[in-house]
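Descriptive analysis of the structure
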2 protein chains.
Amino acid sequence: MQINQNFDNIAQSYLFSTVAKKQREFQAAHPEADVIKLSIGDVTRPLVPAVIDALHAAVEDQARQETFHGYGDEQGYSFLHEALAGYYRTHGVSLDTDEIFISDGAKSDLGNILDLFSADNTVLVPDPVYPVYVDTNVMAGRKVIFADANAGNGFLPLPDAGTACDIIYICSPNNPTGAAYDRAGLQAWVEYANAQHAVILYDAAYECFIEDTGLPRSIYEIEGAKTCAVEFCSFSKMAGFTGTRCGWTIVPKALADGKLNKMWLRRQTTKFNGVPYIVQKGAAACFTEAGMQQIRETLGYYKQNAKVLSETLDSLGIWYTGGKNSPYLWLKCPNSMDSWTFFDYLLEHAHVVGTPGAGFGKNGDGFFRLTAFGDQQRTVEAAERLKKLLG
Amino acid sequence: MQINQNFDNIAQSYLFSTVAKKQREFQAAHPEADVIKLSIGDVTRPLVPAVIDALHAAVEDQARQETFHGYGDEQGYSFLHEALAGYYRTHGVSLDTDEIFISDGAKSDLGNILDLFSADNTVLVPDPVYPVYVDTNVMAGRKVIFADANAGNGFLPLPDAGTACDIIYICSPNNPTGAAYDRAGLQAWVEYANAQHAVILYDAAYECFIEDTGLPRSIYEIEGAKTCAVEFCSFSKMAGFTGTRCGWTIVPKALADGKLNKMWLRRQTTKFNGVPYIVQKGAAACFTEAGMQQIRETLGYYKQNAKVLSETLDSLGIWYTGGKNSPYLWLKCPNSMDSWTFFDYLLEHAHVVGTPGAGFGKNGDGFFRLTAFGDQQRTVEAAERLKKLLG
């Protein structure tokens, strides 16, 4: 056979392995140092009681012939479609349940959705960016172009009507920058996409961190979005499901005259076999009154960390995006240090680990990502060290 | 954007929807009829106690900060790699743990593996066949050619050295025919594939039904297979995980000088985020002594159904494949009926539903699939009705 030669064109990213290696080497050289990781992109709080109870109950269902669940529909159980439709109604978005597809996570769907598009399409992604948007397209041989995100536009680039493209990635609130589009910003992208007959792949994985009621939580809050946007979201950050795996994708029937909705159903029924019944029951429990309340408490824990870090950067006069409406803080490295110099400086002098922005694209250099997913006490301690070092 | 036009070339299969519609209409017209479904391709027995206990324990892990599991490695936890390597050792197959990739099921991997190959490759599939082998390749624009499986070769076609191809699908024990290759048959395919520099995608989802110790349970029992074959397997039929979702794929490092192993790792780390921790713990429990014992009992239940149906066909003098080493029985329709005529005849006169072979490819016409996944008492009752009608 001939292998897919496009794999040779994927850039190898050594970002997280280099971060880990540098940390390991520092710790070996300074065994007494109490290193705090603010680089972590994974949740750390356990699943909430309402979810745990639902998971146990669903396990019991699988233990008895009368309540056993074998194959379910690939696109998920209707109990979860209905719960999600209800969740969207609270944002003022009305969806048909057959526009909602349950999956094992946004990452899978963001990659797999590309099966629906021609390899000749041109893809527009922001720089800096979550690397899989680029890699999945390079694997398929698509041309990737970039929209510059930088301090000048608050890391929220707007469309350039002179640029032609077919597929547009938007992540808001953004990973890694924490910046979140307002309605006007998303409206501009929706109008551009509709004019270009392009599709927006909208990654809403961090929408649960939005607190400003003025900011859209779903792209479908924007007029015209249903004719140009697919939305991806997940229980990962919302409910701590990073290791429990459940997400969803909205493919509106207004998109390409219903063609993409039908194609995605066909793709999923042919190349996927659904999310575990147990997991879907756990996910649905998020939308009960108790579940919602408990999830908000966990999110509040992380938001408090973000607040601590925001206030620290404010007090130091360091420019940053995120920290509000996002678990990420994306700061300009002090004294014009480049990302990796600042990484070393922070590790050596404050024993704090973050993520160098340069790892997310050329516009990331000179910037640095901190996250709010750590332990509260440790985050406060890290903030004190930052103040001491950089104050 | 331009959509992937290849989707227009996927044949619409109305097999199962037509079966369901005919059954519904018959039941509506004959509300008193006690219809028995021997068409079911899904397991019906609950998960075994060892798995249930492990699932509950893992749910509890997710409830506590100290034992909480967020993102795991995309390719799965090492506890499950090691358990699977041990399982393969019992077949005499030695694997490195980094040749084993955990996934949400064989169907996903059988589709997703195609990302690794050029769209120009030619694909060889048997006819009749599990439809997704064809559909996933048509979606990607690959040329599909067929190897005729028929009564003459016992529905176990052998390679034709004159046929050139790049990707070969083999499912053994086969769905829908129940036929299982012996060592000589698989050896012929392995030699052909190595000679052609083709890759075999070996679907072993039904290996757990093999009882004859002379039959291979893994393609890697065949010399030379590690340089030409990827093997897909699943907990679905082995342990009733059709609704719990866990499978695995073996990509040997001897294949294409290790290139495919690395590419699959890259594909999975980029477009997948791993199987739920809870589910992997449940899957690992299958390999405990208690788990294995309990799973064998459940498989024994289905095997007993297969035996009842085999003996019935034997007593009726009806030609069939499968029934031994497989949950499927693939029978020649009596009196030269075509598949759908026999379907109607059986439904009307015995109130038994099966699956018309014509739905699996042109060579399936005149054949009919029964399955052993039903209730034991109902299967015995169905067998009695078959004897009465056809005897």
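Keep in mind it's a predicted model, so treat the numbers as computed, not measured.

**A closer look at the pattern of salt bridges**
Under the defined criterion, the tally for this structure stands at 40 salt bridges over all chains. A salt bridge links Asp148(A) to Lys362(A); the shortest N-O distance between them is 3.1 Å. Taken together, the residues Asp148(A) in strand β4 (residues 143–148) and Lys362(A) in the loop between β12 (355–356) and β13 (367–371) connect sequence positions 214 residues apart. Residue Asp34(B) is joined to Arg378(B) by a salt bridge in which the shortest nitrogen-to-oxygen separation is 2.8 Å. Highlighted residues: Asp34(B) in the loop between α1 (15–29) and β1 (36–37) and Arg378(B) in helix α12 (residues 376–390), separated in sequence by 344 residues. For Asp34(B), a relative accessible area of 37% gives the class partly exposed. Here Arg378(B) falls in the partly exposed class, since its relative accessible area comes to 29%.

**A word on the state of the cysteines**
Residue and element names in this part refer to chain A. Across all of its chains, the model carries 0 disulfides over all chains by this definition. Of all cysteine sulfurs in the structure, the one in Cys165 sits closest to Cys228, which takes part in no disulfide; the separation is 11 Å. Taking relative accessible area as the criterion, Cys228 reaches 0% and is therefore assigned buried.

**Observations regarding the relation of the copies chain B and chain A**
In summary, the two copies of the chain are related to each other by a rotation about an axis coupled with a shift along it. Turning chain B through 180° and shifting it by 0.0 Å along the axis lays it on chain A, with an RMSD of 0.0 Å. Such a turn and shift between the copies fits a two-fold axis. Closest approach to the rotation axis within chain B is made by the C-alpha atom of His56(B), at a distance of 3.0 Å. When the interface residues of chain B are mapped onto chain A, 100% of them again fall at the interface, so both copies present the same face.

**Structural notes on the domain arrangement of chain A**
Residues and elements named next belong to chain A. The domains assigned to chain A are domain 1 (5–46 + 291–390) and domain 2 (49–288). Counting each side, the surface lost to burial between domain 1 and domain 2 is near 3,000 Å², with a carbon and sulfur contribution of 62%. Inspection of the region where domain 1 meets domain 2 yields 2 salt bridges. Between Glu211 and Lys303 there is a salt bridge, and its shortest N-O distance comes to 3.5 Å. Taken together, the connections running from domain 1 to domain 2 amount to 17 residue pairs in polar contact (both at pLDDT 80 or more). Those elements that provide at least two residues to the side of domain 1 that touches domain 2 are α10 (289–316), β9 (320–322), β10 (328–332) and β13. If one sorts the elements of the side of domain 1 that touches domain 2 by residue count, α10 sits on top with 7 residues. Here the side of domain 1 that touches domain 2 is composed, by residue class, of 15 nonpolar, 12 polar and 5 charged.

**Let's talk about helix α6 (residues 183–196) of chain A**
In an α-helix, one turn spans 3.6 residues; hence positions three or four apart end up facing the same way. Residue and element names in this part refer to chain A. For α6, built from 14 residues, the straight-helix expectation of 20 Å at 1.5 Å per residue is met to within 8% by its first-to-last C-alpha distance of 20 Å. Those residues of α6 that fall on the buried side of the exposure criterion are Gly185, Leu186, Trp189, Val190, Tyr192 and Ala193. For α6, the angular spread of the buried residues around the axis is 165°, confining them to a single face. Turned more than 90 degrees from where α6 packs its buried face, Ala184 and Ala195 sit exposed. Directly after α6, the chain includes His197, whose backbone phi takes a positive value near 55°.

**Considering the packing of aromatic side chains**
In total, this model carries 52 aromatic pairs over all chains according to the counting rule given. Measuring from ring centre to ring centre gives 6.1 Å for Trp319(A) and Phe367(A), while their planes differ by 70°; the resulting arrangement is edge-to-face. With Trp319(A) in the loop between α10 and β9 and Phe367(A) in strand β13, the pair connects residues that are 48 residues apart, well separated along the chain. With relative accessibility at 7%, the residue Phe367(A) sits in the buried group. Aromatic pair Tyr133(B) and Tyr169(B): ring centres 4.6 Å apart, planes at 20°, arrangement stacked. Residue Tyr133(B) is found in helix α5 (residues 131–139), and its partner Tyr169(B) is found in strand β5 (residues 167–171); the two are separated by 36 residues along the sequence. The burial state of Tyr133(B) is the same as that of Tyr169(B); both residues are buried. Each member of the aromatic cluster is reached from another via a ring pair, and the members are Phe16(A), Phe155(A), Trp319(A), Trp330(A), Phe360(A) and Phe367(A). Directly above the aromatic system of Phe79(B) lies the positively charged group of Lys281(B), at a separation of 4.5 Å from the ring centroid.

**Concerning the interface of chain B and chain A**
Each partner contributes to the interface: chain B provides 73 residues, whereas chain A provides 73 residues. Where chain B abuts chain A, roughly 6,200 Å² becomes buried across the two surfaces, and 56% of that area is made up of carbon and sulfur atoms. Summed over the shared surface of chain B and chain A, the result is 6 salt bridges. Close ionic contact of Lys259(A) with Asp8(B) constitutes a salt bridge, the shortest N to O distance being 3.9 Å. Between chain B and chain A we count 43 residue pairs in polar contact (both at pLDDT 80 or more) in total. Those elements that place two or more of their residues in the side of chain B that touches chain A are α2 (49–63), α4 (106–112), α5, α8 (259–271) and α9 (277–284) of chain B. Considering only residue class, the side of chain B that touches chain A consists of 29 nonpolar, 26 polar and 18 charged.

Criteria and thresholds
- Residues numbered from 1 in each chain as written.
- Chains lettered and ligands numbered in written order.
- Predicted model: local features only at pLDDT ≥ 70, side-chain atom pairs only at ≥ 80, totals over all residues.
- Heavy atoms only, no water.
- Salt bridge = Lys/Arg side-chain N within 4 Å of Asp/Glu carboxyl O.
- Helix = DSSP H or I, 4+ residues; strand = E, 2+ residues; numbered from the N terminus.
- Buried < 20%, exposed > 50% of the residue type's maximum accessible area, 1.4 Å probe, protein only.
- Disulfide = S-S within 2.5 Å.
- Least-squares fit on C-alpha atoms with pLDDT ≥ 70 in both.
- Contact = heavy atoms within 4.5 Å.
- Domains from an automatic or database assignment.
- Buried area = accessible area lost by both parts, 1.4 Å probe.
- Polar contact = N/O pair within 3.5 Å; in protein donor to acceptor, adjacent residues only side chain to side chain.
- Nonpolar A, V, L, I, M, F, W, Y, C, P; charged D, E, K, R; others polar.
- Expected span 1.5 Å × (residues − 1).
- Arc of directions from axis to C-beta.
- Phe/Tyr/Trp six-rings, centres within 6.5 Å; stacked < 30°, edge-to-face > 60°.
- Lys NZ or Arg CZ within 6 Å of the ring centre and 35° of its normal.

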